[in-house]
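# Examining the three-dimensional arrangement
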Amino acid sequence: MSTPITSNFTKLTSADMLKFKRYLIEQIGRLMEGEQLKPDDHSDFIKQRLNEAYVQTKVSLPEDLRQQIFHDILDELTGFGPIQSLLEDEDISEVMVNGPKKVFVEKKGKLTKSAVTFDDDDHVLRVIDRIILPLGRRVDADTPTVDARLPDGSRVNAVIQPVSIDGPCITIRKFRKDKLTIQQLIDYGSLNSQMAEFIRACVLAHLNIVISGGTGSGKTTLLNVLSSFIPEEERIITIEDAAELQLQQDHVLRMETKVANIDGRGSVSIRDLVRNSLRMRPDRIVVGECRGGETLDMLQAMNTGHDGSLTTLHANSPRDAISRMETMVLMAGMDLPLKVVRQQISSAVDLIIQQTRLKDGSRKVTAITEVVGMEGEIVVLTDIFKFEQTGMGENGKIVGDLKATGIRPIFSPRLEAAGFKLSGEIFMPPSGSHLNQRR
């Protein structure tokens with residue numbers, strides 16, 4: 001039985017406030033035992049019981065401090081504790097908890113330290129448990145890392161000791177409530193209207209497209225936009241580690257990986273799902289991210305009639321993307337000569353779209369590159385569009401131009417056969433522009 005709080009606390013120190021909040025949470029927890037509440041009634045019930053528990057303490061606090069304590073407790077019991085306010089801020093795209101006293105956010109492309117803190121390591125662990133327990137996931141000393149998602153779809157990664165030396169860490173990539181459109185990306189300067197028209201034609205013409213980029217560069221956002229071009233009547237199968245894609249079409253089948261149970265059995269990998277998807281009569285296969293041996297299965301699917309497939313991978317340039325695919329194919333455990341691997345890649349992938357997060361925090365499509373084929377043992381790439389940085393503006397803003405290189409892609413007849421006879425002006429570079437197109 002906990003010791004009641006009395007009116008001796010006329011001025012609360014931070015330690016007193018923590019004790020007060022924990023006492024109120026404990027009291028409400030007791031009152032909630034055995035209650036069968038609808039989700040809509042949960043918040044109102046807690047507010048009512050919180051007022052009752054506060055009155056019983058006979059503590060009189062300034063109104064602003066009382067409201068702050070009530071708000072913190074409500075976040076603790078109905079949300080995700082101290083970071084709930086950060087998750088509700090639409091301008092924040094990422095929340096990073098580096099132990100209890102260091103919480104950083106990405107806001108409009110810039111990383112800053114937040115004033116939000118946790119009480120201690122146990123407080124962070126309680127929030128991690130609240131995130132993962134409803135999903136049947138677990139995290140402990142034997143399994144110190146976990147991937148999960150919030151109810152709104154935001155992606156969560158958590159790491160605890162002994163792997164995380166300075167205390168438990170949480171990284172949350174927030175899920176946009178409003179789905180971005182291609183026009184919004186144009187308005188943001190991520191790409192221009194010529195590039196958008198070209199990409200749309202490529203998706204509708206069933207070209208196989210790989211989106212390449214670094215962590216946090218906006219690959220999944222761009223994949224969402226590209227997938228919006230897929231016609232309504234096509235059967236789409238999406239495969240992800242944690243479901244993030246927001247496809248609006250009616251005929252979509254979403255699949256998600258499954259981690260092993262406590263006995264180490266029952267896991268379902270992306271590779272398992274890619275293989276299984278081939279038996280499900282897909283018109284399109286959309287893989288959230290290729291990061292291992294499933295790349296071989298994806299390439300084989302692209303090479304055996306499943307045109308129009310889309311995926312993302314981590315790489316810093318289109319050439320790096322080819323090297324990354326080579327490495328991931330070899331991770332499948334097949335003893336294939338490198339030339340054969342490159343032939344698989346060059347015959348399967350039609351287009352690489354490079355997405356980059358620039359130093360000023362902005363995100364841009366910095367290259368749209370055609371995979372032309374093989375010359376000897378080298379995969380030949382040709383830039384169709386490219387971003388050219390011209391300088392630095394005010395406040396460190398990067399200044400540059402998104403330009404066509406002047407080369408019309410070799411797969412142009414495929415676009416025309418699909419009904420897209422693109423104007424030659426789309427591929428014309430600005431006068432006086434000289435870009436290096438061949439890689």
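Above: the structure in question.
A brief structural summary. Please read all numbers here as calculations on a predicted model, not as lab measurements.

The subject of this paragraph is the overall build of the protein. Secondary structure summary: the protein contains 13 helices and 15 strands in total. Overall, the C-alpha framework of the protein stretches about 80 × 55 × 40 Å when taken along its three principal axes. Across the 439 residues of the protein, 49% fall into the buried class. In the protein, the proportion of contacts linking residues at least 24 apart, taken out of those at least 6 apart, comes to 55%. If you sum the accessible surface of the protein, you get close to 21900 Å²; carbon and sulfur atoms cover 50% of it.

Turning next to the side chain of Glu94. Note that Glu94 resides in strand β1 (residues 92-98). At 3.0 Å, the side chain of Glu94 and the side chain of Arg173 are in polar contact. If near-sequence neighbours (up to four positions away) are discounted, Glu94 is found in contact with Phe104, Val105, Glu106, Thr171, Ile172 and Arg173.

Turning next to the nonpolar core. Among the nonpolar cores identified, the biggest contains 43 residues, and Phe198, Leu226, Ile353, Ile368, Phe385 and Leu415 are the most heavily contacted of them. Mapped by element, the contributors of at least two residues to this core are α6 (182-188), α7 (193-204), β7 (209-213), α8 (219-227), β12 (351-357), β13 (363-375), β14 (378-392) and β15 (398-404). Residue contributions to this core peak at seven residues, all from α7. Counting 32 residues, the second largest nonpolar core, distinct from the first, contains Ile237, Met302, Met325 and Val379.

A few words now on helix α9 (residues 270-277). An α-helical turn contains 3.6 residues, so any two residues separated by three or four positions project in the same direction. Listed in full, the buried residues belonging to α9 are Ile270, Arg271, Leu273, Val274 and Ser277. Down the axis of α9, the sector holding all buried residues measures 160 degrees, keeping them to one side. Close packing links the buried residues of α9 with β8 (236-240), β9 (252-256), β10 (284-287) and α10 (294-303).

The next subject is the layout of surface pockets. In this structure, the second largest pocket spans a volume of roughly 520 Å³. Of all the secondary-structure elements, those providing two or more residues to the lining of the second largest pocket are α1 (14-32), α3 (63-78) and α5 (121-132). In the lining of the second largest pocket, the residues fall into eight nonpolar, seven polar and ten charged.

A separate point is the packing of aromatic side chains. Overall, the coordinates contain four aromatic pairs when judged by the stated rule. Aromatic pair Phe198 and Phe385: ring centres 5.6 Å apart, planes at 50 degrees, arrangement tilted. In this pair, Phe198 is assigned in helix α7 and Phe385 in strand β14, connecting sequence segments 187 residues apart. Assigned by exposure class, Phe198 and Phe385 land together as buried. For the ring pair Phe198 and Phe411, a centre distance of 6.1 Å and an interplane angle of 15 degrees mean the geometry is stacked. In this pair, Phe198 sits in helix α7 while Phe411 sits in the loop between β15 and α13 (412-417), placing the two residues 213 residues apart along the sequence.

This part covers empty space enclosed by the protein. In this approach the atoms are scanned with a rolling probe the size of a water molecule, which exposes any empty space left behind. Overall, the coordinates contain two cavities of 30 Å³ or more when judged by the stated rule. When contributions to the lining of the largest cavity are tallied by element, the ones reaching two or more residues are α10 and β11 (310-314). Examining the composition of the lining of the largest cavity, we find that four residues originate from one element, α10, more than from any other. Residues of the lining of the largest cavity, tallied by class, amount to eight nonpolar, two polar and no charged. Here the second largest cavity defines a volume of roughly 30 Å³.

With that settled, consider the sheet that holds strand β3 (residues 110-113). In any sheet, the strands associate via hydrogen bonds between backbone groups, in a parallel or an antiparallel arrangement. Read from one edge of the open sheet, six strands run β3-β2-β1-β6-β5-β4, paired in antiparallel fashion. Every other strand in the sheet has two partners, leaving β3 and β4 (145-149) as the edge strands with one partner each. Each strand of the sheet is rotated relative to its neighbour by a mean of 15 degrees, with strand direction disregarded. As paired elements, β1 and strand β2 (residues 103-107) share five bridges and run antiparallel to each other. Across the sheet, residue Ile92 finds its bridge partner in β2, namely Lys107. Each of β1, β4, β5 (155-159) and β6 (169-173) touches α5; the most contacted strand, β6, lies at about 45 degrees to it.

This part covers the pairing of β15. Taken together, the seven bridges between β14 and β15 define a ladder with antiparallel strand orientation. By the bridge assignment, Gly391 is partnered in β15 with Val399. Here β14 folds back onto β15, and the loop between the two strands holds five residues, one of which, Asn395, carries a positive phi near 55 degrees.

Right, let's talk about unusual backbone geometry for a bit. A cis amide bond links Gln161 with the next residue in sequence, Pro162, at an omega value of 10 degrees. Residue placement: Pro162 occurs in the loop between β5 and β6. Positioned with a positive phi, Arg281 is a non-glycine residue whose angle comes to about 50 degrees. Along the chain, Arg281 turns up in the loop between α9 and β10. A relative accessible area of 56% places Arg281 in the exposed class.

Scoring rules and cut-offs
Per chain, residues are indexed from 1 in the order of the written sequence. Selection of residues for local features in this predicted model requires a pLDDT of at least 70, selection of side-chain atom pairs for listing and counting requires 80 or more, and totals for whole chains, interfaces and linings are taken over all residues. To obtain the side-chain values, all non-hydrogen atoms of the structure were used and water was disregarded. Note on conventions: DSSP H or I runs of at least 4 residues are helices, E runs of at least 2 residues are strands, and numbering of each starts at the N terminus. Classification of residues uses two cut-offs on accessible area relative to the type maximum, computed with a 1.4 Å probe and protein chains only: under 20% is buried, over 50% is exposed, and between them is partly exposed. Note on contacts: a residue pair is in contact if any heavy atoms of the two residues lie within 4.5 Å. Values of accessible area rely on a 1.4 Å probe in the Shrake-Rupley scheme; residue burial ignores everything except the protein chains shown. Polar contact criterion, stated in full: a pair of N or O atoms within 3.5 Å, where within protein one must be able to donate a hydrogen and the other to accept it, and residues adjacent in sequence count only if both atoms are side-chain atoms. Joining through side-chain atoms within 4.5 Å is the link that ties buried Ala, Val, Leu, Ile, Met, Phe, Trp, Tyr and Cys residues into a set, and such a set is a nonpolar core. In this context, the arc is that of the directions from the helix axis out to the C-beta atoms. In this analysis a 1.4 Å probe is tested at points of a 1 Å grid over the protein atoms alone, and where it fits but cannot get out there is a cavity; an open set with protein on both sides within 12 Å along at least five of seven lines is a pocket; lining residues have an atom within 4 Å of a point. Grid points are joined across faces, edges and corners, and a volume is the space filled by probe spheres set on the points. Only Asp, Glu, Lys and Arg are considered charged, only Ala, Val, Leu, Ile, Met, Phe, Trp, Tyr, Cys and Pro nonpolar, and every remaining residue, Gly among them, polar. Two aromatic rings, drawn from Phe, Tyr or Trp (for Trp, its six-membered ring), form a pair once their centres lie within 6.5 Å of each other, and the interplanar angle then sorts them: stacked below 30 degrees, edge-to-face above 60, tilted otherwise. A pair of strands is considered paired only if DSSP assigns at least 2 bridges between the two. Each axis is a line fitted through C-alpha atoms, taken for helices only over the stretch in contact, and angles between the N-to-C directions span 0 to 180 degrees.

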